[in-house]
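Below are the chains, spelled out letter by letter.
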Amino acid sequence: MKKKHVVEFAIVVAVLGVFFGSEFLDGLGNAPETVEPPQLLAEFGDPDWNAIAVWPAVAEEVEIIAQPDPNVTIAVLVLDDSGSMEEEISQAKAALVEAVGFLSETDQVAVIGLNGGVILPTTPVDEARLALQNALRPVVARGGTPLTEAIASARTILENSAAARRSFGNYRIIVTTDGRADDALALRQAVVKTVTETPIQISTIATKSLPDHALNAAGFTSFTTISGVDGLADALRSAVAEGTTFDPITAFEEQ
């Protein structure tokens, strides 16, 4: 091919590339650019004790409990009500009801759905045992897996409880899930802020193997994998009995 024709051909290729994008150039033998996935292993670092000492920073007025029990546990249970749970949602709801029965009567519990929002506001356990089954009745499986929003909602619930108790007590978020978050990077960032800037403990029960899940941070969160919803009630019972330790649950992990 003559030099003039080579130049003309190069110009034509460049013009077509502008109009039809990188797919055209890749078809001519150029290797497509490799796009690296977002890095989920965000740096946790050391706890921010100053932030923890002033937690929670709640702006609105709350009614202060005169003599809060320092041993009380306030837990927010997060139900995976995403569309992928359609065939298992009834069993998951029953497992949640059973789990509340293993909390102490002096504790308090709230329940939220990934898509359904607040199902049960913060309630003393003895009352929650009676109210939760009816509260869960209208919950259906639909939508995605907005775990970042769920963690934010759970934090708000716990912050309001902590403000009333002047931070006395143990604060837990217990998540059930069968899939990855809609926005894994945002979730990881939310987890980092939660475990390094607040005393809130995060436990997760995954009903299938998700080893690189954004909620799985060894040494900072508790993450348990079970084989399907059949084991959810037992795993939740272990989670609510986990107390104040950050050590991961091991009884139901896959071997």
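Keep in mind it's a predicted model, so treat the numbers as computed, not measured.

A. Examining the packing of helix α4 (residues 89-100) against helix α8 (residues 232-240) more closely. Here α4 crosses α8 at 30°, and the two axes come no closer than 9 Å. Seen from above, α4 lies across α8 with right-handed handedness. Residue-level contacts link Ala 92, Ala 95, Leu 96, Glu 98 and Ala 99 of α4 to Leu 232, Ala 233, Leu 236, Arg 237 and Val 240 of α8. Of the residues in the contact of α4 with α8, the class split is 8 nonpolar, no polar and 2 charged.

B. Up close: the sheet that holds strand β3 (residues 117-124). Pairing is mixed in the open sheet, where 6 strands are placed in the order β3-β2-β1-β4-β5-β6. Whereas interior strands pair on both sides, the edge strands pair on one side only; in this sheet they are β3 and β6 (222-225). Direction aside, the axes of adjacent strands within the sheet are offset by 15° on average. Note that strand β1 (residues 73-79) and strand β2 (residues 108-113) share 6 bridges and pair parallel. Looking across to β2, one finds that Ala 75 is bridged to Val 109. Against the sheet, α4 touches β1, β2 and β4 (170-177), its axis set at about 175° to β1. On top of the sheet, helix α6 (residues 147-164) reaches β1, β2, β3 and β4; it is set at about 160° to β4, its chief contact.

About the criteria used
Within each chain, residues carry numbers counting from 1 in the order of the written sequence. Per-residue local features of the predicted model are confined to residues with pLDDT of at least 70, and side-chain atom pairs are confined, for both listing and counting, to 80 or more; whole-chain, interface and lining totals are unaffected and use all residues. Note that water and hydrogens are dropped before the side-chain values are worked out from all heavy atoms of the structure. Whenever a helix is involved, its axis is fitted only over the stretch in contact; in every case the axis is a line through C-alpha atoms, and angles between N-to-C directions fall within 0 to 180 degrees. Counting from the N terminus, the helices are DSSP H or I runs at least four residues long and the strands are E runs at least two residues long. Should the near helix be turned anticlockwise from the far one by less than a right angle, the crossing is termed left-handed; should it be turned clockwise, right-handed. Whether two residues touch is decided by their heavy atoms; if any such pair falls within 4.5 Å, the residues are in contact. Each residue is assigned to one of three groups, with Ala, Val, Leu, Ile, Met, Phe, Trp, Tyr, Cys and Pro labelled nonpolar, Asp, Glu, Lys and Arg labelled charged, and all others, Gly among them, labelled polar. A pair of strands is treated as paired once DSSP finds two or more bridges between them.

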